[in-house]
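A look at the structure
Letter by letter, the chains look like this.
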Amino acid sequence: MRKINIAIILFLLLGFSNSAFAFIFEDTFNIGLDNSIWDRENNSGAQWVWASEGSNGMIQSQAQMNWADRYVDIITNQQDFSDFILTFDLRFNNNGYHQDWRRIYLRRNGTTGYHEGYGINIRNWSGGVYDFVGIGPYTSSTLDLEGIEFAKSFNPLITGEWYTFKTFLMGNNIKIKYWLKNGDEPTDWVLDVTDFNSLYATGGV
């Protein structure tokens, strides 16, 4: 059984850096997926469901039936975000060959299964040197971000521990930092990259 628990807080700012920002929404998922904000893909019965741990709600992936059903998305209904800060909590329950491997798409354009945008690639291979967080462009034809990432960090990710990730996207500058949830937020960004081709201007999450 392959499961991952995920709890997300989203703070999105609509508009470019030289315009006034508008607050879009905040979502902790404590009561589940708000259908007015999120579209939950259902792939052959595999989808994300609400779960709880203590007093905290979270979104947890159901057991996947086969290889093709492993890739199931939660997509924002609004598809015109440009600049924003995205903060989310993530826990890996598995590593090794059946490791939890997640991607967060920024400025995501296109329909489910056929989309492109920026991707945060988060892989928990062994709880050691093969774990990484990467940022790069994503298209439905490339699928795997490895080899085309703008940048990658190989900090170990501990299985069973909650991490907080924070991503900053302003213009064509993308930054990300992550730390153990119960620890202090680091001052410096782990990855700080600029897409000089400015591939994607707006999209969903």
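**Here we look at the overall build of the protein**
Secondary structure summary: the protein contains zero helices and 14 strands in total. Secondary structure elements of the protein occur, N-terminal to C-terminal, as β-β-β-β-β-β-β-β-β-β-β-β-β-β. Per-residue burial for the protein yields a buried fraction of 48% across its 205 residues. When the accessible surface of the protein is totalled, it reaches about 10000 Å², and 52% of it is carbon and sulfur.

**What about the nonpolar core?**
Grouped together as the largest cluster of nonpolar side chains are 25 residues, with contacts concentrated most on L106, I122 and F165. With five residues, the single largest contributor to this core is strand β7 (residues 84–92). Not counting the four nearest positions on each side in its chain, F165 is found in contact with L86, T87, F88, L90, I122, V133, I176, K177 and Y178. If you look at the next biggest cluster of nonpolar residues, it comprises eight residues, including L33, I37, A46 and I59.

**Re the environment of N173**
One can find N173 in strand β13 (residues 173–180). The residues touching N173, leaving out its near neighbours within four places in the chain, are F168, D192, V193 and T194. At 2.8 Å, the side chain of N173 forms a polar contact with the backbone oxygen of V193.

**Some remarks on the confidence of the model for the protein**
With 72% of its residues at a pLDDT of at least 70, the protein reaches an overall mean of 77. Mean pLDDT across the elements of the protein ranges from a minimum in strand β2 (residues 22–23), with 49, to a maximum in β13, with 94.

**Side note on the packing of aromatic side chains**
One pass over the full model with this rule turns up nine aromatic pairs. The interplanar angle of 0° and the centroid separation of 5.1 Å between the aromatic rings of F88 and F165 together place this pair among those described as stacked. Here F88, found in strand β7, pairs with F165, found in strand β12 (residues 162–170); they are 77 residues apart in sequence, far enough to count as distant. Between Y105 and Y138, the ring centres sit 4.7 Å apart and the planes meet at 45°, which makes this aromatic pair tilted. Of this pair, Y105 sits in strand β8 (residues 101–111) while Y138 sits in strand β10 (residues 132–139), placing them 33 residues apart in sequence. With a relative accessible area of 4%, Y138 lands in the buried category. Members of the aromatic cluster, joined through ring pairs, are F88, Y163, F165 and Y178. Positioned above the aromatic ring of W189, the side-chain terminus of K177 is 4.6 Å from the ring centre.

**Observations concerning the side chain of D195**
Tracing the sequence through the fold places D195 in the segment after β14 (191–194). Look at D195: it is buried, it has no salt bridge, and the nearest opposite charge is R107 at 7.1 Å. Side chain to side chain, D195 and Y118 meet in a polar contact 2.6 Å long. Those residues in contact with D195 that lie beyond four places of it in its chain are Y118, F150 and N172.

**Focus: unusual backbone geometry**
Its identity is not glycine, yet R107 carries a phi of approximately 55°, on the positive side. When you line up the elements, R107 lands in strand β8. The backbone phi angle of S198 is positive, close to 45°, even though this residue is not glycine. For S198, the location among the structural elements is in the segment after β14.

**Quick word on the pairing of β7**
Across the nine residues of β7, eight count as buried, placing the element largely inside the fold. Where β7 lies against β12, eight bridges are found, and the strand directions are antiparallel. Residue pairing in the sheet places L86 in a bridge with T167 of β12.

**Points about the pattern of salt bridges**
Tallying each qualifying case throughout the model produces five salt bridges. For D83, the salt bridge identified is with R107, shortest N-O distance 2.9 Å. On the criterion of sequence distance, the pair formed by D83 in the loop between β6 (74–76) and β7 and R107 in strand β8 is long-range, its members being 24 residues apart. In this pair, the class of D83 matches that of R107, namely buried. Sharing partners across several salt bridges, the network here consists of K166, K177 and E185.

Parameters and conventions
- Residues numbered from 1 in each chain as written.
- Predicted model: local features only at pLDDT ≥ 70, side-chain atom pairs only at ≥ 80, totals over all residues.
- Heavy atoms only, no water.
- Helix = DSSP H or I, 4+ residues; strand = E, 2+ residues; numbered from the N terminus.
- Buried < 20%, exposed > 50% of the residue type's maximum accessible area, 1.4 Å probe, protein only.
- Areas by Shrake-Rupley, 256 points an atom, 1.4 Å probe, with all protein chains shown as cover.
- Core = buried A, V, L, I, M, F, W, Y, C linked by side-chain atoms within 4.5 Å.
- Contact = heavy atoms within 4.5 Å.
- Polar contact = N/O pair within 3.5 Å; in protein donor to acceptor, adjacent residues only side chain to side chain.
- pLDDT = per-residue confidence, 0-100.
- Phe/Tyr/Trp six-rings, centres within 6.5 Å; stacked < 30°, edge-to-face > 60°.
- Lys NZ or Arg CZ within 6 Å of the ring centre and 35° of its normal.
- Lys, Arg positive; Asp, Glu negative; His and termini not counted.
- Salt bridge = Lys/Arg side-chain N within 4 Å of Asp/Glu carboxyl O.
- Pairing = 2+ DSSP bridges.

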